[in-house]
Amino acid sequence: MQIRRKDFPENFIFGTATSAYQIEGAVNEDGREPSIWDTFSHTPGKTKNSENGDIACDHYHKYKEDIQLMKEIGFDAYRFSISWPRVMKQGKIKNEKGLDFYNRLVDALLENGITPFVTLYHWDLPQSLHEKGGWLNPDMALYFQDYAALMFETLGDRIKFWITLNEPWCSAFLGYFLGIHAPGHNNLEEAFTVAHTLLRAHGYAVKVFRELIKDGKIGLTNVVTKIEPANETDEDFQAAIIVDELINGWFHDPVIFGRYPDTAKGLLKQIGVNINEDEMDIISEPIDFFGVNYYTRQLIAYDPQNQLMYKNVEGPLPKTEMGWEIYPEGLYDVLKKLHQRYSIPLYVTENGMAGPDKLENGMVNDIYRIEYLENHFLSALKAINEGVELKGYFIWSLLDNFEWAEGYSKRFGLIYVDYETQKRYLKRSAIWLKDFLKR
Ligand code: GCO
């Protein structure tokens, strides 16, 4: 079935997403200070080919050109993140030159008819705050509230859609348990401590938002993965329930219901992992939407050897360059589940794929990305037609960019970036999207 833009609701928003450390570069310019990702990516062995975000896509200097490309493709909106260490020195004293960049960026977006959606925290914690304990320090929720308040006061007159955190699961579990993201710790209890402080920080930001901004919307973006048992056994079903609660429920239930999921809590008690549950009332300050970052599914098998009693099993479906199964049905499933469980407006704040993109004669023939997007658009449309209040869809990503520990080896962009020349090339998928978005 050929999907068309007019199949979606009239006011449905199509956008694209990026994040500060992945595209901006200019890491030492105009008073920006290091983040934990500057430290991590400059630590030998932490990222592929020891690559880092020092230059990235040089978006700090090329933002006007990039906005023209967004306009050419025809996006309604652009989701980007603010670099905390760029706008506050020592994580707490405002840096006017850093704020000026975002003022210029937002003004240029609005001048070009593109609605800004802003993520306050997309993983680049100021290193100076990390040295005060970072997300292990409960006071970080208050530092985050001050940062959020500064941004609401600076940009809140022009930005009406705000996201507190991007994927707290990644910050907590990739950063503090699996160790593949900054700051690279390997401690399960730390991961749960960090998760709780992040959720408190979210709640504190929502509280101050309600005081400062009367005509805006605020939400939380989580990575939402379709969790399925690897085999039709009771053990794998049970393991899948727990993983679904640990990856998905742990960062949704507290925000809406003010409590952590029971089954997963039971497992943690059983394995002796202590969790903190204070200030659940602040964590569950009412929000206006959930952001859904959907990429794939995970097949889960029971594994008593693992600290959390499960392991991932590789699935049989075709995969992207990240090794993630291409599973558009999972997007429909997770949107339906989120709608049924939380009955709150949703935005797909990220969906896209890393492809084997080769630039030939100035073009990348990423037909596979067109097929990927069409099939995921169809899944989203099916959910909408069944009553899910999905209000927008942001494609990850506008540009090829720094894919964290994978460095620049993984290309998610609709636009190809030649990192040698910093030239941009619209891929075949961008040209397809330009036609799709035409009203
Ligand atoms: C995430 C992050 C993005 C990633 C993208 C591809 O969802 O992990 O928001 O920064 O680059 O998802 O992994």
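Residues numbered from 1 in each chain as written. Predicted model: local features only at pLDDT ≥ 70, side-chain atom pairs only at ≥ 80, totals over all residues. Heavy atoms only, no water.

Caption draft 1: Up close: the overall build of the protein. A tally of helices and strands in the protein yields 15 helices and 15 strands. Taken against the 2.2 N^0.38 rule, which gives 22 Å for 439 residues, the C-alpha radius of gyration of the protein at 20 Å falls within 12% of a compact globule. Here the protein, with 439 residues, has 64% of them falling under the buried criterion. A fraction of 75% describes how many contacts in the protein between residues 6 or more apart in sequence connect residues 24 or more apart. (Helix = DSSP H or I, 4+ residues; strand = E, 2+ residues; numbered from the N terminus. Rg over C-alpha atoms; globule rule 2.2 N^0.38 Å. Buried < 20%, exposed > 50% of the residue type's maximum accessible area, 1.4 Å probe, protein only. Contact = heavy atoms within 4.5 Å.)

Caption draft 2: Here's a closer look at helix 15 (residues 428-437). Within the sequence span of helix 15, burial applies to Ser429, Ala430, Trp432, Leu433, Phe436 and Leu437. End-on, the buried residues of helix 15 take up no more than an arc of 160 degrees, which puts them together on one face. Buried-residue contacts for helix 15 involve strand 1 (13-17), helix 3 (59-73), helix 14 (367-385), strand 13 (390-396) and strand 15 (423-426). (Arc of directions from axis to C-beta.)

Caption draft 3: Here's a closer look at the nonpolar core. Grouped together as the largest cluster of nonpolar side chains are 158 residues, with contacts concentrated most on Trp84 and Trp135. The greatest single-element share of this core, amounting to 13 residues, is contributed by helix 9 (residues 188-212). Among residues more than four places away in sequence, those in contact with Trp135 are Trp84, Tyr121, Leu125, Met140, Phe144, Tyr176, Thr193, Val194, Thr197, Leu198 and Ala201. (Core = buried A, V, L, I, M, F, W, Y, C linked by side-chain atoms within 4.5 Å.)

Caption draft 4: Examining the side chain of Lys410 more closely. With respect to the helices and strands, Lys410 occurs in the loop between strand 13 and strand 14 (415-418). Within the local environment of Lys410, its side chain forms a polar contact with the side chain of Glu406, the two groups lying 3.1 Å apart. Looking at Lys410, its side chain comes within polar contact range of the side chain of Ser409, at 3.3 Å. Discounting residues that sit within four places of it in the chain, Lys410 has contacts with Lys48, Glu321, Met322, Ala354, Asn401 and Glu403. (Polar contact = N/O pair within 3.5 Å; in protein donor to acceptor, adjacent residues only side chain to side chain.)

Caption draft 5: Up close: the pairing of strand 8 (residues 226-229). Judged by which residues are buried, strand 8 turns out to be covered on both faces: Lys226 and Glu228 on one side and Ile227 and Pro229 on the other are all buried. Where strand 8 lies against strand 10 (residues 297-302), four bridges are found, and the strand directions are parallel. By the bridge assignment, Ile227 is partnered in strand 10 with Gln298. (Pairing = 2+ DSSP bridges.)

Caption draft 6: Quick look at the site of the ligand. As a structural note, the neighbourhood of the ligand is formed by 13 residues, with Gln22, Glu167, Glu350, Glu403 and Trp404 the closest of them. Measuring from an oxygen atom of the ligand, one finds a side-chain N or O atom of Glu350 at 2.5 Å. In the model, an oxygen atom of the ligand is placed 2.6 Å from a nitrogen or oxygen of the Glu403 side chain. Across the complex, the protein chains shield 95% of the 310 Å² of accessible surface that the ligand would expose by itself. Classifying every residue of the shell around the ligand gives six nonpolar, four polar and three charged. (Near = heavy atom within 4 Å. Areas by Shrake-Rupley, 256 points an atom, 1.4 Å probe, with all protein chains shown as cover. Nonpolar A, V, L, I, M, F, W, Y, C, P; charged D, E, K, R; others polar.)

Caption draft 7: Main features of the state of the cysteines. Taken as a whole and assessed by the stated rule, the structure comprises zero disulfides. With no disulfide partner, Cys170 has as its closest neighbouring cysteine sulfur the one in Cys57, 19 Å distant. (Disulfide = S-S within 2.5 Å.)

Caption draft 8: Region of the structure containing the environment of Gly323. Mapped onto the fold, Gly323 is located in the loop between strand 11 (310-313) and helix 13 (328-342). Judged by relative accessible area, which is 43%, Gly323 ranks as partly exposed. Residues Gly323 and Thr296 lie 27 residues apart in sequence; the distance between their C-alpha atoms is 9.9 Å.

Caption draft 9: Molecular detail of the packing of helix 5 (residues 96-111) against helix 7 (residues 140-155). Between helix 5 and helix 7, the least distance of the axes is 11 Å, while the angle of their chain directions is 45 degrees. As judged from the angle between their axes, helix 5 and helix 7 are oblique. As for the relative orientation of helix 5 and helix 7, their crossing is right-handed in sense. Across the interface between the two elements, Leu99, Tyr102, Asn103 and Val106 from helix 5 touch Leu150, Met151, Thr154 and Leu155 from helix 7. Looking at side-chain class alone, the contact of helix 5 with helix 7 contains six nonpolar, two polar and no charged residues. (Axes fitted to C-alpha atoms, helices over the stretch in contact; angles between N-to-C directions. Parallel < 35°, antiparallel > 145°, perpendicular 65-115°, else oblique. Left-handed = near helix turned anticlockwise from the far one by under 90°.)

Caption draft 10: Representation of the environment of Glu24. Relative to the helices and strands, Glu24 resides in the loop between helix 1 (20-23) and helix 2 (36-41). Under the relative-accessibility criterion, Glu24 is labelled buried at 3%. Separated by 348 residues in the primary sequence, Glu24 and Tyr372 place their C-alpha atoms 27 Å from one another. Ignoring any residue separated from it by four or fewer positions in sequence, one finds Glu24 in contact with Ile55, Ala56, Asp58, His59, Tyr60, Ser81, Ser83, Arg86, Phe101 and Tyr102. At 2.5 Å, the side chain of Glu24 forms a polar contact with the side chain of Tyr102.

Caption draft 11: View of the pattern of salt bridges. Evaluation of the coordinates by the stated rule reveals 34 salt bridges. Here Lys94 and Glu96 are joined by a salt bridge, their closest N and O atoms 3.5 Å apart. Given the relative accessible area of 47%, Lys94 is considered partly exposed. Take Glu96: its relative accessible area is 42%, and that puts it in the partly exposed class. (Salt bridge = Lys/Arg side-chain N within 4 Å of Asp/Glu carboxyl O.)

Caption draft 12: Structural detail: the sheet that holds strand 9 (residues 289-293). Strand order in the closed barrel formed by eight strands is 1-2-5-6-7-9-12-13, and the pairing between neighbours is parallel. When strand polarity is set aside, the average angle formed by the axes of neighbouring strands in this sheet is 25 degrees. Sheet analysis places strand 5 (residues 115-121) next to strand 6 (residues 161-166), joined by four bridges and oriented parallel. When the bridges of strand 6 are listed, Thr119 appears paired with Ile163. Together, strand 5, strand 6 and strand 7 (217-223) form the strand contacts of helix 7, whose direction differs from that of strand 5 by roughly 160 degrees.

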